[in-house]
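# Coordinate inspection notes
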Amino acid sequence: MSKKNQKETRMIRKVQITGGSTYIISIPKEWVDELGIDKGLDVVMELTRDNALKVYSSKYKEKPRDIIKEIYINENLLDSAIIMEVISAYLAGYTSIKLVFSPLILNRVGQIINIVRNKVVGLEVLEENENSVTLHVVVDLSSIPTKLAIENMRKTFKSILEDFGNAIKNRNEEIFNSIIKRDDVIDKLYLYIYKQINLTLQETVKLEDLGIYNSTEAINLYTIIKSIERIADHIVAMSTWILENINEIQIPEMLDNLITDVSKEVISVVDNIGTCQKANELLKLYSRIHELIEKELELIKSLKGSKQFYEIYPILDGLRRAMAYSIDIIEAQVGLNMEREINGNVKYNKMH
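Here the residue index of a chain counts from 1 through its sequence in written order. Owing to the predicted nature of the model, reporting of local features is limited to residues with pLDDT of at least 70; listing and counting of side-chain atom pairs is limited to 80 or more, with chain, interface and lining totals taken over all residues. For the side-chain quantities, the full set of heavy atoms in the structure was used; hydrogens and water were omitted.

### A word on the overall build of the protein
- Runs of E in the DSSP output that reach at least two residues are strands. Runs of H or I that reach at least four are helices, and both are numbered from the N terminus. Secondary structure assignment for the protein yields 10 helices and 8 strands.
- Any residue under 20% of the maximum accessible area for its type is buried, any over 50% is exposed, and the rest in between are partly exposed; the area is computed with a 1.4 Å probe on protein chains only. The proportion of buried residues among the 352 residues of the protein is 39%.
- In the protein, of all internal contacts separated by at least 6 residues, the share reaching a separation of at least 24 is 71%.
- Here the protein displays about 21,100 Å² of accessible surface, and carbon together with sulfur accounts for 52% of that area. Residues are treated as being in contact if the distance between any of their heavy atoms lies within 4.5 Å. Per-residue accessibility takes into account occlusion by the displayed protein chains alone, with areas from the Shrake-Rupley method and a 1.4 Å probe.

See the structure below:
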């Protein structure tokens, strides 16, 4: 595309003053034409949290766009690969996703669609025939506040973690199965918040609706929710493995105590999400988790080579990964607090 045909999205204008107290900035003619602004029309001026000035017509209302993605399903691919591609299209902001496939794999595609719908919010079948299915986002994704979604994710995660410890102590298969089912809720909330972050960066959703003050905070917020989702996955993996071997394994007292200690500290980490906790308190939590990592290494050394070590290794591995992701959450929360401190200081300095 030549420079002549490219649309200008950034221009420099000099600020002028009239009447001694009114500051004026001229709007380029081509922008006026494109936005339908005319003399006498009211415009809205909005000071955004990242210190930008947004100006738009008072009549402006963004028209909902139907953005369609066609995915041609290769029957040689794994179901998980197809699921990943469909969810990626959903997260990217497509409002309709058309799956095209051979009629021979219609039943298989139906199973894939059911898995996808269990993992995301508001994606329903709009149109279906023997060789294609169209999914459409039917829920206004701004209708569920992101802060509420994060809070629900935290509550669900805490219930999973608390129940995991109880299920191990009581060898309760019903609780283990409940934990596995609740992981779908964690996945839905994670993908919902992930999509909201994408829409915020695309300027479709406002920063304040996401509960952040600056677009750079989105990186740390994503790290936090992704880490929670990964810890939940490892709890599910441990629960599944225990269910399959519940009559064969014996959990030593040291491991039982370690599970209790790790659960307590991970819950403390999750309780600090979104708070303005002082860095010193978060660093103490960081240190306690590192102490538990050392404690687990000592347990591994004492059991390594024994039959019992191989029996409980999936639990040891899951705990290690849960602690590692918890450290990621702490690092992201410290970073988030630092960014907010800088933003607060910048705003304060500009006022004085």
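### Examining the pattern of salt bridges
- Salt bridges are counted wherever a side-chain nitrogen of Lys or Arg sits within 4 Å of a carboxyl oxygen of Asp or Glu. As enumerated under the stated definition, the model contains 15 salt bridges in all.
- The partner of Asp-233 in a salt bridge is Arg-230, and the shortest N-O contact between them spans 2.7 Å. Placement of both Asp-233 and Arg-230 in helix H7 (residues 217–244) is noted, with a separation of 3 residues, approximately one turn of the helix.
- The exposure class of Arg-230 is partly exposed, given its relative accessible area of 24%.
- A salt bridge links Arg-288 to Glu-265, with the shortest nitrogen-to-oxygen separation between them at 3.1 Å. Here Glu-265 lies in helix H8 (residues 253–271) and Arg-288 lies in helix H9 (residues 279–303), a separation of 23 residues in the sequence.
- What emerges from the salt-bridge pattern is a single network uniting Asp-317, Arg-320 and Arg-321.

### Observations regarding the packing of H8 against H9
- Here the axes come from fitting lines to C-alpha atoms, over the contacting stretch only for helices, and the angles between their N-to-C directions go from 0 to 180 degrees. In contact at an axis separation of 10 Å, H8 and H9 are set at 160° when each is read in the N-to-C sense. Taken together, the axes of H8 and H9 lie roughly antiparallel to each other. As H8 runs across H9, the sense of the crossing is left-handed. Counting all contacts with H8, which are made through Met-254, Leu-255, Leu-258, Asp-261, Val-262, Glu-265, Ser-268 and Val-269, the residues of H9 involved are Leu-285, Arg-288, Ile-289, Leu-292, Lys-295, Glu-296 and Leu-299.
- Residue polarity is assigned by list, with Asp, Glu, Lys and Arg as charged and Ala, Val, Leu, Ile, Met, Phe, Trp, Tyr, Cys and Pro as nonpolar; anything else, Gly included, falls into the polar class. Class assignment of the residues belonging to the contact of H8 with H9 gives a composition of 9 nonpolar, 1 polar and 5 charged. What sets the label is the angle itself: under 35 degrees gives roughly parallel, over 145 gives roughly antiparallel, 65 to 115 gives roughly perpendicular, and the rest give oblique. Left-handed is the label given to a crossing in which the near helix is rotated counterclockwise from the far helix by less than a right angle, and right-handed is the label when the rotation is clockwise.

### Comments concerning the confidence of the model for the protein
- Per-residue confidence from the prediction method is given by pLDDT, with values spanning 0 to 100. Considering every residue of the protein, the mean pLDDT works out to 84; 88% of them sit at 70 or more.
- The least confident element of the protein is helix H6 (residues 207–210), whose mean pLDDT is 68; the most confident is strand S6 (residues 96–100), at 94.
- Within the model, pLDDT remains below 50 along residues 345–352, and this stretch shows 4 contacts once partners closer than five positions in the same chain are excluded.

### Description of the environment of Ile-179
- Tracing the backbone shows Ile-179 in helix H5 (residues 173–201).
- C-alpha of Ile-179 to C-alpha of Ala-232: the two residues are 53 residues apart in sequence and 9.1 Å apart in space.
- With near-sequence residues (within four places) excluded, Ile-179 lies in contact with Ile-160, Asp-163, Phe-164, Ile-235, Val-236 and Ser-239.

### Description of the sheet that holds strand S8 (residues 132–137)
- Taking strand neighbours across the sheet as the criterion, the 4 strands line up as S5-S6-S8-S7 in an open arrangement whose pairing is mixed. Strands with a single pairing partner mark the edges of an open sheet, and in this sheet they are strand S5 (68–72) and strand S7 (123–129). Pairwise comparison of adjacent strand axes, ignoring direction, gives a mean angle of 20° for this sheet.
- Pairing geometry for S5 and S6, over 5 bridges, is parallel. Opposite Lys-69, over in S6, you have Ile-97 as the bridge partner.
- Set on the sheet, helix H3 (residues 106–119) makes contact with S6, S7 and S8; between it and S7 the angle comes to about 165°. At least two DSSP bridges between two strands are needed for those strands to be called paired.

### Quick word on helix H2 (residues 79–92)
- Expected span, for any helix, means 1.5 Å times one less than how many residues it has. Over its 14 residues, H2 extends 20 Å from the first C-alpha to the last, a length consistent with the 20 Å expected when each residue adds 1.5 Å.
- Turning to H2, its buried residues are Ile-82, Ile-83, Val-86, Ile-87, Ala-89, Tyr-90 and Leu-91.
- As for H2, its buried residues are in contact with S5, S6, H3, S7, S8 and H5.
- Gly-93 occupies a position one or two residues after H2 and carries a positive phi of about 115°.

### Concerning the packing of H2 against H5
- Running from amino to carboxyl end, H2 crosses H5 at an angle of 45°, the nearest separation of the two axes being 8 Å. In terms of orientation, H2 and H5 fall into the oblique class. Residues Ile-87, Tyr-90, Leu-91 and Ala-92 of H2 lie in contact with H5, whose contacting residues are Leu-191, Tyr-194, Lys-195 and Asn-198.
- A per-class count over the contact of H2 with H5 returns 6 nonpolar, 1 polar and 1 charged.

### Points about the environment of Glu-265
- In this structure Glu-265 comes out as buried when scored by relative accessible area, which is 10%.
- Taking C-alpha positions, Glu-265 is 8.8 Å from Met-323, a pair spaced 58 residues apart along the chain.
- Once you skip the residues sitting within four places of it in the chain, Glu-265 turns out to touch Leu-285, Arg-288, Ile-289 and Leu-292.

### Observations concerning H8
- The first and last C-alpha atoms of H8 sit 27 Å apart over 19 residues, in line with the 27 Å expected at 1.5 Å per residue.
- When H8 is considered as a whole, its buried residues turn out to be Leu-255, Leu-258, Ile-259, Val-262, Ser-263, Glu-265, Val-266, Ile-267, Val-269 and Val-270.

### As for the nonpolar core
- Residue types Ala, Val, Leu, Ile, Met, Phe, Trp, Tyr and Cys, when buried and joined through side-chain atoms within 4.5 Å, form a set referred to as a nonpolar core. Within the largest apolar cluster, 86 residues are counted, with the highest numbers of intra-cluster contacts made by Leu-99, Phe-157, Phe-164, Ile-235, Leu-255 and Ile-315.
- Sequence-distant contacts of Phe-164, that is, excluding residues within four places in its chain, are made with Phe-176, Ile-179, Ile-235, Met-238, Ser-239, Ile-242 and Ile-259.

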